[in-house]
Amino acid sequence: MTTADVLIHTRTAGYRHDSIPDGAAALTELAEKLGRTAETTEDPGAFTPERLARCAVVVLLSTTGNVLTPEGRTAFEAYLRGGGALLAVHAAANAEPDWPFYGEILGTRFDGHPEVQPGTVLVAPGDHPATAPLPARWQWTDEWYNFTSAPRGVRVLARADESSYRGGTHGDDHPLAWCREVDRGRVLFTALGHAPEAYRDPLFRAHLTGALTWLTA
């Protein structure tokens with residue numbers, strides 16, 4: 001990519017999180033601190049080959065339902081396979097439910113959640129930028145997403161400790177954040193980020209900053 005450009009897409013065709021404005025503002029600020037420009041849009045018409053060619057990373061911020069046109073899907077797939085990057089945040093796991101490619105790059109699909117409650121995130125050891133700033137056992141409050149299956153073909157960065165909250169369905173191996181490569185492109189998903197106050201939390205902001213850093217490296 002020749003530009004430092006972050007496209008934050010916030011369109012919803014299903015449930016809409018109250019935290020979307022806070023998330024967009026935080027991601028804009030974090031991107032700018034990394035020396036990158038950012039734009040927030042709900043226009044599916046932004047997903048054109050010409051527009052995506054100027055993007056260092058696309059963020060799908062709690063998007064739900066089918067938010068892209070068929071032409072946008074084609075352009076987005078080509079962008080990712082050709083070296084683009086995607087940061088999928090929270091309810092983005094519930095986007096594009098009938099698009100097989102999107103399910104493939106995420107590695108799984110959203111399958112409900114219990115009530116918002118405190119719990120423990122188990123951070124994988126290692127030096128990945130998205131999780132290196134986090135404690136090994138991170139106390140956090142969120143919607144603890146369940147998935148239709150364990151994500152396939154990914155590097156898991158963080159898991160949920162299901163013994164620390166009610167309503168988990170995966171047992172001892174419950175991924176919450178993971179990353180992968182798609183041809184020449186990169187994808188990182190985090191299930192965290194339900195509440196507006198999450199985007200003011202220093203550790204969560206460090207998580208997002210590290211994700212952007214890895215995706216745009």
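Notes on the structure follow. (Residues numbered from 1 in each chain as written. Predicted model: local features only at pLDDT ≥ 70, side-chain atom pairs only at ≥ 80, totals over all residues. Heavy atoms only, no water.)

1. As for the packing of aromatic side chains
Here comes step 1: For the structure on display, the rule yields 13 aromatic pairs.
Here comes step 2: Put simply, the rings of F110, Y145, F147, W178 and F189 pair up and form one aromatic cluster. (Phe/Tyr/Trp six-rings, centres within 6.5 Å; stacked < 30°, edge-to-face > 60°.)

2. Focus: the environment of E115
Here comes step 1: By the element assignment, E115 lies in the loop between α4 (100-106) and β5 (117-123).
Here comes step 2: With relative accessibility at 41%, the residue E115 sits in the partly exposed group.
Here comes step 3: Sequence separation of E115 and W144 is 29 residues, and the distance between their C-alpha atoms is 8.0 Å.
Here comes step 4: When residues no more than four places from it in sequence are discounted, the contact partners of E115 are D142 and R166. (Helix = DSSP H or I, 4+ residues; strand = E, 2+ residues; numbered from the N terminus. Buried < 20%, exposed > 50% of the residue type's maximum accessible area, 1.4 Å probe, protein only. Contact = heavy atoms within 4.5 Å.)

3. With respect to the sheet that holds strand β3 (residues 57-61)
Here comes step 1: If you trace the nine strands from one edge of the open sheet to the other, you get β2-β1-β3-β4-β9-β8-β7-β5-β6, paired in mixed fashion. Of all strands in the sheet, those with a lone pairing partner are β2 (37-41) and β6 (137-142), marking the two edges. Sheet twist, expressed as the average angle between the axes of neighbouring strands with direction ignored, equals 20°.
Here comes step 2: As defined by bridge partners, strand β8 (residues 175-182) adjoins strand β9 (residues 185-190) across six bridges and the pair is classed as antiparallel. The residue bridging V182 from the neighbouring strand is G185, located in β9.
Here comes step 3: Strands in contact with helix α1 (residues 20-33) are β1 (5-9), β2, β3 and β4 (85-89); relative to β3, the strand with the most contacts, it is inclined by about 160°. (Pairing = 2+ DSSP bridges. Axes fitted to C-alpha atoms, helices over the stretch in contact; angles between N-to-C directions.)

4. Quick look at the pairing of β4
Here comes step 1: Counted residue by residue, β4 has five buried out of five residues, so it is predominantly covered.
Here comes step 2: Here β4 shows two buried faces, one formed by A85, L87 and V89 and the other by L86 and A88.
Here comes step 3: One ladder, built from four bridges, connects β3 with β4; its direction is parallel. Residue pairing in the sheet places V59 in a bridge with L87 of β4.
Here comes step 4: Crossover handedness for the path β3 to helix α3 (residues 70-81) to β4: right-handed.
Here comes step 5: Bridging between β4 and β9 involves five bridges; their strand directions are parallel. When the bridges of β9 are listed, L87 appears paired with L188. (Right-handed = clockwise from strand over helix to strand, strands pointing away.)

5. A closer look at unusual backbone geometry
Here comes step 1: We note that S62 has phi near 50°; this positive angle belongs to a residue other than glycine.
Here comes step 2: You can see S62 is positioned in the loop between β3 and α3.
Here comes step 3: According to the relative accessible area criterion, S62 is buried, its value standing at 0%.
Here comes step 4: A positive phi is found at D183, a non-glycine position, where the angle reads about 50°.
Here comes step 5: Tracing the sequence through the fold places D183 in the loop between β8 and β9.

6. Examining the side chain of T12
Here comes step 1: By the secondary structure assignment, T12 is in the loop between β1 and α1.
Here comes step 2: A polar contact is formed between the side chain of T12 and the side chain of R16, at a distance of 2.9 Å.
Here comes step 3: When near neighbours in sequence (up to four residues on either side) are disregarded, T12 contacts I20, S62, T63, T64 and V67. (Polar contact = N/O pair within 3.5 Å; in protein donor to acceptor, adjacent residues only side chain to side chain.)

7. Concerning the pattern of salt bridges
Here comes step 1: All chains considered together, the criterion is met by 13 salt bridges.
Here comes step 2: K33 is the partner of E29 in a salt bridge, and the nearest nitrogen-oxygen pair spans 3.3 Å. In this pair, E29 and K33 both sit in helix α1, four residues apart, roughly one turn of the helix.
Here comes step 3: The residue D98 makes a salt bridge to R73 at a minimum N-O spacing of 2.8 Å. Taken together, the residues D98 in the loop between β4 and α4 and R73 in helix α3 connect sequence positions 25 residues apart. (Salt bridge = Lys/Arg side-chain N within 4 Å of Asp/Glu carboxyl O.)

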